[in-house]
Amino acid sequence: MESQRTYPVQRTEEEWRELLSPAEYAVLRKGGTERPFVGEYTDTTTEGIYSCRACGAELFRSDTKFGSHCGWPSFYAPLAGDAVEYIEDRTLGMKRVEVRCASCGSHLGHVFEGEGYDTPTDERYCINSVCLTLTEKS
């Protein structure tokens, strides 16, 4: 996974490998994708804040999560405009927009527009469960 910028949270690849499980590392640091419909947050409706599993930065609120039935957790907006970073992704012969954590540069998933979901933004942030940690609302 290439990055052109410096992030507030910096670690060596060895440190990331020690901090993350092999599955987390493969997605967060190498830009992989978990299999659909297997992630722990795919169908979760628990209220709370979703944070980056790599660095703990708050990324999404449960009130922006919706049932897209695509196999991964979907949100219609990040917590704040600067919580995530957008990178053009032309891999696999497609033109997509990759979503990364703005604090550590970890891969989270992709954002799609104009798919016809009834959401305020007409956007679907398709995020890998393995990239997130949910802190339940108390």
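Before going into details, it helps to say that this report is about the structure given with it.

### Some points on the overall build of the protein
On a plain count of helices and strands, the protein comes out with two helices and nine strands. With the principal axes as the frame, the protein shows a C-alpha extent of 40 × 40 × 30 Å. Looking at the 138 residues of the protein, the share that counts as buried comes to 47%. Look at the contacts in the protein between residues 6 or more apart in sequence, and 55% of them connect residues 24 or more apart. Element-wise, carbon and sulfur atoms account for 47% of the exposed surface of the protein, whose accessible area totals about 7,600 Å².

### Considering the pairing of strand β6 (residues 96–101)
Counting buried residues along β6, five of its six residues qualify, which places the element largely inside the surrounding structure. As paired strands, strand β5 (residues 84–89) and β6 are joined by six bridges and run antiparallel to one another. Paired with Y86 across the strands is V99, a residue of β6. Between β5 and β6, which pair antiparallel one after the other, the connecting turn spans six residues, and L92 there sits at a positive phi close to 55°.

### Here we look at the sheet that holds strand β1 (residues 48–52)
If you walk across this open sheet you meet the three strands as β2-β1-β9, and the pairing is antiparallel. Of all strands in the sheet, those bounded by a partner on one side alone are β2 (58–61) and β9 (132–136). With strand direction ignored, the average angle separating the axes of adjacent strands in the sheet is 30°. In terms of strand pairing, β1 meets β2 through three bridges, oriented antiparallel. Note on β2: the bridge partner recorded for I49 is R61.

### Remarks on the packing of aromatic side chains
Geometrically, a pair of aromatic rings is defined through the distance of the ring centres and the angle of the planes. Scanning the entire structure with this criterion turns up six aromatic pairs. Between Y41 and Y50 the ring centres are 5.4 Å apart and the planes differ by 85°, which places this aromatic pair in the edge-to-face class. Like Y50, Y41 is buried. Among the aromatic residues, those joined into a cluster by ring pairs are Y41, Y50, F60, F75, Y86 and Y125. Here the guanidinium or amino end of R11 rests over the ring plane of W16, the centre of that ring lying 5.0 Å away.

### Brief notes about the pattern of salt bridges
Using the criterion set out here, one finds seven salt bridges in the structure. For R53, the salt bridge identified is with E24, shortest N-O distance 3.2 Å. Taken as a pair, R53 in the loop between β1 and β2 and E24 in helix α2 (residues 22–28) lie far apart in primary sequence, 29 residues in all. Take R53: its relative accessible area is 21%, and that puts it in the partly exposed class. E47 is the partner of K137 in a salt bridge, and the nearest nitrogen-oxygen pair spans 3.5 Å. Here the residue K137 occupies a position in the segment after β9, and E47 occupies one in the loop between α2 and β1, the gap between them amounting to 90 residues. According to the relative accessible area criterion, E47 is partly exposed, its value standing at 48%. Put simply, E24, E40 and R53 are held in one network by salt bridges that share partners.

What counts, and where the lines are drawn
- Residues numbered from 1 in each chain as written.
- Predicted model: local features only at pLDDT ≥ 70, side-chain atom pairs only at ≥ 80, totals over all residues.
- Heavy atoms only, no water.
- Helix = DSSP H or I, 4+ residues; strand = E, 2+ residues; numbered from the N terminus.
- Buried < 20%, exposed > 50% of the residue type's maximum accessible area, 1.4 Å probe, protein only.
- Contact = heavy atoms within 4.5 Å.
- Areas by Shrake-Rupley, 256 points an atom, 1.4 Å probe, with all protein chains shown as cover.
- Pairing = 2+ DSSP bridges.
- Axes fitted to C-alpha atoms, helices over the stretch in contact; angles between N-to-C directions.
- Phe/Tyr/Trp six-rings, centres within 6.5 Å; stacked < 30°, edge-to-face > 60°.
- Lys NZ or Arg CZ within 6 Å of the ring centre and 35° of its normal.
- Salt bridge = Lys/Arg side-chain N within 4 Å of Asp/Glu carboxyl O.

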